[in-house]
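Listed below are the residues making up each chain.
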Number of protein chains: 2
Amino acid sequence: MTPEPVLPQPPHNRQSTSLELRATALEQFASVGFAGTSLQQIADAAGYSKSSVLYHFASKEALLDEVLTPAVDRLEAILERFLATEESALSRSRFVNDFIDFILEFRLELHTFINQSQSLRGIPVIDRAGVLIVRLSDTLCHGAASTEDRIRFGIALGGAAYTLVAGMTFLGAEIAPAEEIRPALLAVITELLAPVTVRTTPSRK
Amino acid sequence: MTPEPVLPQPPHNRQSTSLELRATALEQFASVGFAGTSLQQIADAAGYSKSSVLYHFASKEALLDEVLTPAVDRLEAILERFLATEESALSRSRFVNDFIDFILEFRLELHTFINQSQSLRGIPVIDRAGVLIVRLSDTLCHGAASTEDRIRFGIALGGAAYTLVAGMTFLGAEIAPAEEIRPALLAVITELLAPVTVRTTPSRK
DNA sequence: ACGCTAGCTGACCGATCGGTCAGAGCCTGT
DNA sequence: ACAGGCTCTGACCGATCGGTCAGCTAGCGT
């Protein structure tokens, strides 16, 4: 696909190579899955040898960790900021906005751990992401949430992750530019989560 | 996990063994992914040898095919039935109902090809499912659909697939019974798809 | 009683997996 | 000019992958 005539390579410094590998690995993890991606594939796609990958990252698992950590950190920061303010329509709307930004910026990372967290349980960064999602769910739905409320949250989360990565592939809307996606996504997610309002008194069934 | 004292096994007939293997394989494919599942794992989980799996199915790919085909057939039938009737609020609502039934009955199959269709491109049953999804999207959104409409469809589809399999795992709502999920799912999906109405005159931007 | 076949298995195959290791090439400080 | 370290690599490792094959066993028709 990318023949790249194997030029004598300008001397890559450590950081840029590491970033290249991270980016390449992320694409593969998100599209073929962690289990389905071999170090050889990552190395080939990035134009390095398998040994090089293992020089920059202690193991395949360590590579996954470094690839996902920035996204998890970001999500954690968003959640903490939301928890630090008292709840109001305004803070909620800001939170949803932050979340949309997060989804758009880290769509591949989100897709990776949304779709593979079950099979990758035990890997620290995955477990960290898992408890974050649960906290997020509990925060939005509060303790006493109806099944429908939880389904709303799940559909919003899983649906966004799917649509922005896999969905684009064969649904129309060829990777529409972010400027077009953002407002549409915001409208749909906001509408989805609207009924999942904060209830100090756990009511309705 | 399932020690199963390796009894001298009552003589399984061909059909029951094949069904067992299909069911076991489906669980693995949906949770660990096709690439991440080895024939050995499937054999072990079902209590047979790897050779037995390959006796019943020509290859790993053939096994995937047999596992997914019933779901694809069903989805195709639902779509054909919808296309055979002229469109109305009633036929649309019946279609959504059929679709919800389909999602609930074939949640593992749906999850498998929703999340892995990109990496399994080229496998006949996956491609078949792919074109079905596109037809489904085109049918519901018609030709001239806004980005938002397509996002609504994608979120509904991907969200439902995620929520009913992976989501249940660590979101609350521990595998709530179908009787409770169905109405909630119906409400959310209907609401999601409501604005994606049929427009004979492609209007609004 | 006999052979045939269906169901199942262990031994084995080449390929590939994640990972180790001993350098080769090159840039830099001295 | 030399030494030392950083980047990168090919050769190699045991394990496991998907898949083949010969053969074992039990049930059945004759």
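See the structure shown above.
Quick summary incoming for the structure in this document. (Residues numbered from 1 in each chain as written. Chains lettered and ligands numbered in written order. Predicted model: local features only at pLDDT ≥ 70, side-chain atom pairs only at ≥ 80, totals over all residues. Heavy atoms only, no water.)

### Overview of the interface of chain A and chain B
Turning to step 1, where the next piece is worked out: With 46 residues of chain A at the contact, the number on the chain B side is 46 residues.
Turning to step 2, where the next piece is worked out: In total, chain A and chain B occlude about 3,900 Å² of area from one another, counting both sides; carbon and sulfur atoms represent 69% of this.
Turning to step 3, where the next piece is worked out: Summed over the shared surface of chain A and chain B, the result is two salt bridges.
Turning to step 4, where the next piece is worked out: In this structure, Arg152 of chain B and Glu191 of chain A form a salt bridge, with 2.7 Å as the shortest nitrogen-oxygen distance.
Turning to step 5, where the next piece is worked out: At the junction of chain A with chain B, the criterion picks out nine residue pairs in polar contact (both at pLDDT 80 or more).
Turning to step 6, where the next piece is worked out: Only α1 (14–32), α6 (107–116), α7 (124–141), α8 (147–170) and α9 (178–193) of chain A provide two or more residues apiece to the side of chain A that touches chain B.
Turning to step 7, where the next piece is worked out: When residues of the side of chain A that touches chain B are assigned to their parent elements, the largest contribution, 18 residues, is made by α8 of chain A. (Contact = heavy atoms within 4.5 Å. Buried area = accessible area lost by both parts, 1.4 Å probe. Salt bridge = Lys/Arg side-chain N within 4 Å of Asp/Glu carboxyl O. Polar contact = N/O pair within 3.5 Å; in protein donor to acceptor, adjacent residues only side chain to side chain. Helix = DSSP H or I, 4+ residues; strand = E, 2+ residues; numbered from the N terminus.)

### With respect to the protein's contact with DNA strand D
Turning to step 1, where the next piece is worked out: Around DNA strand D, 18 residues are found, and the nearest of them are Arg14, Ser51, Ser52 and His56 of chain A together with Lys60 of chain B.
Turning to step 2, where the next piece is worked out: Restricting attention to atoms of DNA strand D within 4 Å of the protein, one finds that 52% of them are sugar or phosphate atoms.
Turning to step 3, where the next piece is worked out: Contact distances for DNA strand D include 2.7 Å between a phosphate oxygen and a backbone N or O atom of Lys60 of chain B.
Turning to step 4, where the next piece is worked out: Secondary-structure elements contributing two or more residues to the surface near DNA strand D are α1 and α3 (50–56) of chain A together with α2 (39–46) and α3 (50–56) of chain B.
Turning to step 5, where the next piece is worked out: At four residues, α3 of chain A tops the list of elements feeding residues into the surface near DNA strand D. (Near = heavy atom within 4 Å.)

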